[in-house]
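This is what each chain is made of:
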Amino acid sequence: MGDRTYSRREFVCHSASCAAHVGLMAAVAPFWSRTLWAAQERFPVVASEAWGRLERVGEGIWALVSDPLRDRATLCNGGIIAGRSGVVIVEAFASDAGSRWMAERAAELTGRAPTHVVLTHYHGDHTGGLSGVTALGSPEILATPVTRDLVMERNQGAPSAILDRVQPLDTIRPTEIDLGDRSLIVVPRRGHTNSDITIQLLDPSVVFCGDLVWNRMFPNYVDATPSRLTQAVQLIRAGDASTYVPGHGPLADNTAMDRYIGLLQDVETAARRAIERGMTAQEAGAEYRLPAGLQEWTLFNPVYFERAIGAWMNELGTP
Ligand SMILES: [Zn+2]
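Report on the accompanying structure. (Residues numbered from 1 in each chain as written. Predicted model: local features only at pLDDT ≥ 70, side-chain atom pairs only at ≥ 80, totals over all residues.)

### Description of the overall build of the protein chain
What the protein chain contains, in helices and strands, is 11 helices and 13 strands. Out of the 319 residues in the protein chain, the part that is buried amounts to 48%. If you take every contact in the protein chain between residues at least 6 apart in sequence, the share linking residues at least 24 apart comes to 64%. (Helix = DSSP H or I, 4+ residues; strand = E, 2+ residues; numbered from the N terminus. Buried ≥ 20, exposed ≤ 12 C-beta atoms within 10 Å, placed from the backbone. Contact = placed C-beta atoms within 7 Å.)

### What to know about the nonpolar core
It is characteristic of soluble globular proteins that their nonpolar side chains tend to be buried jointly. Grouped together as the largest cluster of nonpolar side chains are 82 residues, with contacts concentrated most on Ile89, Val213 and Ile309. The greatest single-element share of this core, amounting to eight residues, is contributed by helix α9 (residues 254-276). Aside from chain neighbours lying at most four places away, what touches Val213 is Val233, Ile236, Tyr244, Pro246, Gly247, Ala252 and Tyr260. (Core = buried A, V, L, I, M, F, W, Y, C linked by C-beta atoms within 7 Å.)

### A word on the sheet that holds strand β8 (residues 167-168)
Strand order across the open sheet formed by eight strands is β1-β2-β3-β4-β5-β6-β7-β8, with mixed pairing between neighbours. In the strand order of this sheet, the two ends are held by β1 (45-49) and β8, each with one partner. Of the strands in this sheet, β1, β2 (52-58), β3 (61-66), β4 (78-83) and β5 (86-90) touch helix α4 (residues 96-110), which is tilted by about 30° from β4. (Pairing = 2+ DSSP bridges. Axes fitted to C-alpha atoms, helices over the stretch in contact; angles between N-to-C directions.)

### Describing α4
Here α4 spans 21 Å end to end across 15 residues, near enough to the 21 Å set by a 1.5 Å rise per residue. Against the buried residues of α4 lie β3, β4 and β5. (Expected span 1.5 Å × (residues − 1).)

### Considering the pairing of β2
Counting buried positions along β2 yields five of seven residues, so the element is predominantly enclosed. Here β1 runs beside β2; their pairing, made up of four bridges, is antiparallel. What sits directly across from Val45, in β2, is Glu55. In this structure, the hairpin formed by β1 and β2 is closed by a connection of two residues. Linking two consecutive strands that pair antiparallel, namely β2 and β3, is a turn of two residues; a positive phi of about 75° is found at Gly60 within it.

Right, dumping it as structure tokens:
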């Protein structure tokens with residue numbers, strides 16, 4: 001969390017969720033109108049609720065695109081991946097109701113209860129539903145040790161009995177989850193937090209990106225190491241996948257990824273310029289404008305600009 005002192009309220013917002021202050025978004029976000037929301041569908045929708053829609057990305061692969069404005073049961077994106085010998089759920093979502101709903105969809109779509117749950121990072125909107133993941137059985141829960149410890153330390157009411165069962169993912173080398181006729185490759189990364197992971201699939205080539213990638217929503221740099229974030233995203237993009245499941249926002253393709261990388265670079269440029277001009281992050285954030293072509297992007301909170309530029313200024317060091 002860095003060396004800032006947070007008020008309790010701020011701390012709860014930051015630690016509980018990388019998608020706090022959702023209510024503010026409506027005021028700044030015409031993109032989230034129902035018509036435009038529906039227009040972002042890339043694949044057939046197999047289930048639709050107030051909190052999001054489940055898109056069928058390929059044989060045995062479904063991605064949840066959460067709609068944070070209407071209902072916060074799930075809040076983040078995630079997915080279901082099925083193979084002959086198991087069913088993996090990506091993320092534990094924001095609430096027990098949200099994760100239970102995903103477990104039920106997994107059972108309905110695949111004919112079996114989830115066997116694994118993989119957490120991409122510790123933020124509360126991805127882990128708040130940990131108790132709900134056991135609704136239909138006792139899946140293996142996979143997370144890096146850093147993620148597990150941060151959930152325990154920072155997220156109010158984290159279920160210690162479930163966290164004690166977490167199977168540690170390697171933080172140096174990729175881990176394979178073998179589902180018989182399909183393998184998932186879990187790749188340790190960092191940048192959005194000190195410990196993120198992505199999940200890569202082949203045929204079709206799909207990457208579940210966690211919050212390293214945001215689409216049509218400005219990313220939250222609250223725990224970010226910005227240079228690492230950009231590097232991680234460039235490495236993900238280098239895999240040239242056909243579909244990227246971002247942590248928030250509609251499903252992305254390579255064009256959307258290039259736009260996102262352009263945005264990350266634009267934020268870096270703004271931060272370097274602010275340092276040259278002796279500005280504070282607050283001043284630079286107040287005058288920051290999204291690059292051309294990203295006018296339809298939105299943000300959970302206007303303070304995200306200041307936070308992103310401030311994260312870069314911290315990393316670069318102000319003279
Ligand atoms: Zn996050």
